[in-house]
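Now for the letters of each chain:
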Amino acid sequence: MDWYKTAACDEIDKRSNDLYKFSSRIWKSTKSSASDTDVKKNKNMDYISKFLKKNDFHIDCNLQGMPGTFKAWYGVSSSTSNKRVNVAFLCRYDVEGKTNQFSGNHLVAETAVAAALGINAVLKLSCPTVGMVTVIGCPDTVYGGMATLVNMGVFKNVDVVMMAFPGPRTDWSPRFFGRKTFQAIYKKGPPTKPPKPIQSSVCGVIYPDQGLPSAHSEQKVPPCDAQDVCMVAYQNVLAMQEHFGKGWKMNASFGRTGLKNECRTVVCTSAPSNPELFFMEKRILPCLEAAAHASGCDFETHMAQKTYYSFMNNKELCYLLQMNAYYCGTLATPLVKRRPIMEAIDVGNVSHVVPTLMPMFYVGSDADIGSNEFVKALRSPIAQAYTVSIAKAIAMTAIDLLVNPGSISKVKDELAESLKKEKTVSIFKEFSTAFPERNLIKMPVPYDTNVGWSKQN
C-alpha cells in the first residue's frame, strides 16, 4: 500500500506544472469574450475531457442528455471473481462571475483531476488492476446539477465520492445546511354567501354583523384581495419563526405573479439536519394554508424542484483523510471563532446515496469565501501548493479504499447506519418520566381509598 501511495504522490508532483496550467486555463475562461455563460461551461467541459483523454481516460459527455456534464473513467470496476472498488472525484467548473470564480472552482477541478491522475498511475503499474477511478464533471452545481445527476442514477455504480474545495481554513468534515423552498399562490376567488346566523339559547340570535338581520346581510361577501392574503401568510410565517429550533433559518417574501388577481408567498427554509428540515415543513405549510382559509381565496402550494439535503459526513473517510494528510504535511486549521454551518450545497444529496468525502482546505487567507481578499488568494502560489497537497491526501485515501476491502465495507456500513438513525431521530428533547415526589400535585382526595368522589354521595 505504501508503494501505491508513493507512486500516486510522485505522479502528482511530476504533473504539478501541467496542473497549474490546467487550473489557470479554467480561471481565464471567465474572462473570455463569450457573453453566454453556457458557452463558457461547455468550453471548460471540452478542455477537461480532452485533458483526461490524453491520459488514457474514457470519456462520456452529456450524461443522460444533460448538457455540459461528463464522466471520465479508467480501470476495471468488476471482474469474474469479485467486484472492484470504483472511486469517483467530483469536478466543478461553474462560471460564477463576469471576471472571477468567487468560490475557487478552478481549484476544485484541479484537485479532482490531480487525484485522478495519481490513481491512474497506480492502476497502470498495478497487476492485476485494483479497481476503477472516475471523474464526474457537472457545471450547474449552483442550481442543483449534482442533485439532478443523483436522480438520473449517474452514481449508481460508484462506491465512494470525493471532492475538496478551497476555504478560509482546513476542515476535514465541514457542515452544510439542508434547504427547502415553498411557494403558495393565492387567487382571488368568487364571492361567497355570508355565514348563517348562530342560534344560542343563552344569548339569542347572533348575526355576523352583530346586529339585526337586514337586506345587506343577504348580499354576497367579496373575498379578500390576493395581495392582502399574501401579507397575512407572511405574518403567519414570521409568528411561527419565534418557535424555531437552534440553527433553523427562514427567508420569506411575497409579491405578484404577473397574472391578474394572483399573488404568491415564497418561503425558503434551512436547517442543520434533514429531520429538522422536514419538521419545519410541517410547521410552515399550515401557516400558508390558514391564510387562504381565513380569507376565502383559492390557493396552490408548490415545492421547489430542487431540495438540498444536509451534508452527511462519513467519520471513517474523514479519519483516513486526516491520517494521510498528516504525512503530506497538511493539518487542520485551529478555529478562531465558532465553527459555522455553511449554506446548502447539492453535494449533500450525493452524500445520502454514496459515502462522500468533501474537506475544505486552506489557501493562504482566512477571508470569507467570495470576498475580494479570498479571490486574490486563489491565484497565489501558496494556494497552488495547498491544492497539490490536499490532492495527494485524497489520492492516498482513495488507495486505502482500493487496496483494503475492509475499509470500503466500514464506510458503507456507516452510511447505512446514519441513514437509519436519520429516519428514527426525534427533534424533541427527551424527558424523564420518573418525576421526583416534589413535582407532583397531590389530589385532595386519594383515588386509591374508599373516600373518593364515588363514595361521598
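Quick caveat: nothing in here was measured; it's all calculated off a predicted structure.

Details of the packing of aromatic side chains
- In this structure the tally under the stated criterion is 13 aromatic pairs.
- When the centroid spacing of 6.1 Å and the interplanar angle of 25 degrees are considered together, the rings of F70 and Y93 count as stacked. Here Y93 lies in the loop between β3 (85-92) and α4 (105-125) and F70 lies in strand β2 (residues 70-75), a separation of 23 residues in the sequence.
- One aromatic cluster in this structure is built from F22, Y47 and F51.

Observations regarding the packing of α4 against helix α11 (residues 381-403)
- Axis separation between α4 and α11 bottoms out at 8 Å; the angle between their running directions is 45 degrees. Compared by their axis directions, α4 and α11 come out oblique. Both α4 and α11 take part in a crossing whose hand is right-handed. Together, L107, E110, T111, A114, A115, I119 and V122 of α4 and A383, Q384, T387, V388, I390, A391, I394, A395, A398, I399 and L402 of α11 make up the contact between the two elements.

Observations concerning the confidence of the model for the protein chain
- In this model, the protein chain carries a mean pLDDT of 80, and residues with pLDDT of at least 70 account for 77%.
- pLDDT under 50 marks residues 198-217. Its contacts with residues more than four places away, or in other chains, come to 12 contacts.

Quick word on the environment of A121
- For A121, the position within the fold is in helix α4.
- In this structure, the C-alpha to C-alpha distance between A121 and Y4, residues 117 residues apart in sequence, is 9.0 Å.

Some remarks on the sheet that holds strand β7 (residues 178-187)
- The antiparallel open sheet is built from four strands, whose spatial order is β10-β11-β7-β12. Only two strands of the sheet have a single partner each, and these edge strands are β10 (249-256) and β12 (298-303). In this sheet, neighbouring strand axes are inclined to one another by 15 degrees on average, regardless of whether the strands run parallel or antiparallel.
- In this sheet, strand β11 (residues 262-271) lies alongside β10 in antiparallel orientation, the contact comprising eight bridges. Paired with M250 across the bridge in β11 is T269.
- Each of β7, β10 and β11 touches helix α6 (residues 226-241); the most contacted strand, β10, lies at about 175 degrees to it.

Conventions and cut-offs
Residues numbered from 1 in each chain as written. Predicted model: local features only at pLDDT ≥ 70, side-chain atom pairs only at ≥ 80, totals over all residues. Heavy atoms only, no water. Phe/Tyr/Trp six-rings, centres within 6.5 Å; stacked < 30°, edge-to-face > 60°. Helix = DSSP H or I, 4+ residues; strand = E, 2+ residues; numbered from the N terminus. Axes fitted to C-alpha atoms, helices over the stretch in contact; angles between N-to-C directions. Parallel < 35°, antiparallel > 145°, perpendicular 65-115°, else oblique. Left-handed = near helix turned anticlockwise from the far one by under 90°. Contact = heavy atoms within 4.5 Å. pLDDT = per-residue confidence, 0-100. Pairing = 2+ DSSP bridges.

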